[in-house]
Amino acid sequence: MTGIATAFRALAATAAALLAVTVTAPVAQAGPEPRAPREFVSLRSVDPTIIQEMRYPTAHDFMGEPVDGYRQSLCILTRPAAEALHRAQLRLLRQGYSLKVYDCYRPQRAVDHFVRWAKDLDDETMKGEFYPRVDKTRLFADGYIAEKSGHSRGSTVDLTLVRLPALPTRPYRPGEKLVPCYAPKADRFPDNSVDMGTGFDCFDTLSHTDDPRIRGVQRANRQFLKRTLTEAGFVNLAEEWWHYTFQPEAFPDTYFDFPVARRSVAGH
């Protein structure tokens, strides 16, 4: 009997040890979520008048699904970039316009999500709107997708102009008919912005800021945006009329990965 009792006690001790490992292992593996350096702020805390239509927390983007790392719909930027947008906004408001941002700081995990999607050649859910004339095998070679993004450094923003008073943009309905991003403004997805000749994130050479095929009012709108932001200290990416980086960058060599969430900049 003594031997049996000893065996039971040994089994009980082994079971208890295994249970302890099972219960405590996940806690030991969990780590704190990274937060933004104090130089980062919510744009709304600097200028609440700038319209925010953040695309990547939604399904209305070139992948057709919310992007990793976008926990909430808000624009986060380095403070110098946010303050420069505020100065540009003050000038625009006096002329009856407002800035509207589509994307601001972008965590590295979001860029990694883009890369995984680009390598999945079978997923062309949103091709009809965002890249109708581009073969998905060309996304890296043509520069539409890259493994690093200036957005992750915190001083780059994707934006447009809205004529005031601004009507809201209707929500995107997943599964709705897709219209090419370069179609006439009346035909493509309704956006309350001025006509820039293409929609945001249009993978097409027509998105090049100075493409000679963009003329008239569309060209004037692009130049108005470029002139306003250049005077505020931003530099345009020639291949994307919506893409601007404030110079000098606060973090020219650092690619951050904290999530887009109010908690990341709480108290800044």
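Residues numbered from 1 in each chain as written. Predicted model: local features only at pLDDT ≥ 70, side-chain atom pairs only at ≥ 80, totals over all residues. Heavy atoms only, no water.

> Sorry, what's going on with the overall build of the protein chain here?
Scanning the protein chain from N- to C-terminus turns up six helices and seven strands. Listed by position from the N terminus, the elements making up the protein chain come as α-β-α-β-β-α-β-α-α-β-α-β-β. Here the protein chain holds 268 residues, and 48% of them are scored as buried. Working note: accessible area of the protein chain is about 13300 Å², and carbon and sulfur atoms make up 58% of it. (Helix = DSSP H or I, 4+ residues; strand = E, 2+ residues; numbered from the N terminus. Buried < 20%, exposed > 50% of the residue type's maximum accessible area, 1.4 Å probe, protein only. Areas by Shrake-Rupley, 256 points an atom, 1.4 Å probe, with all protein chains shown as cover.)

> Mind showing me how you'd approach the pairing of strand β5 (residues 156-163) here?
Working note: regular strand, side chains alternate between the two faces of the sheet. Most of β5 is tucked away, with seven of its eight residues classed as buried. Of the strand pairs in this sheet, strand β4 (residues 97-103) and β5 are connected by six bridges, and their pairing is antiparallel. Counted as the bridge partner of L99 is L161 from β5. By the bridge criterion, three bridges tie β5 to strand β7 (residues 243-246) in an arrangement that is antiparallel. Pairing of D158 across the sheet is with H243, part of β7. (Pairing = 2+ DSSP bridges.)

> I'm lost on the confidence of the model for the protein chain in this one. Help?
Reading predicted coordinates in detail is not appropriate for stretches of low pLDDT. Per-residue confidence for the protein chain gives a mean pLDDT of 90; residues scoring 70 or more make up 88%. This stretch, residues 1-29, has a pLDDT under 50; its non-local contacts, to residues over four places away or in other chains, come to zero contacts. (pLDDT = per-residue confidence, 0-100. Contact = heavy atoms within 4.5 Å.)

> What exactly am I supposed to notice about the state of the cysteines here?
Chemically, a disulfide is nothing more than a covalent bond linking the sulfur atoms of two cysteines. Applying the stated criterion across every chain, the model contains two disulfides. In this model C75 forms its disulfide with C104; the gap between the sulfur atoms is 2.0 Å. In this structure, the disulfide formed by C75 and C104 twists by about -105 degrees around the S-S bond and is classed as left-handed. In this pair, C75 sits in the loop between β2 (51-52) and β3 (76-78) while C104 sits in the loop between β4 and α4 (108-119), placing the two residues 29 residues apart along the sequence. Exposure class is identical for C75 and C104. Each is buried. The disulfide bridge from C181 ends at C202, spanning 2.0 Å between sulfur atoms. Measuring handedness by torsion sign, the sulfur bridge of C181 and C202 sits at about 60 degrees and is right-handed. In this pair, C181 is assigned in the loop between β5 and α6 (216-231) and C202 in the loop between β5 and α6, connecting sequence segments 21 residues apart. Judged by relative accessible area, C181 falls into the buried class, the value being 3%. A residue is classified by how much of its surface remains accessible, and C202, at 2% relative accessible area, is buried. (Disulfide = S-S within 2.5 Å.)

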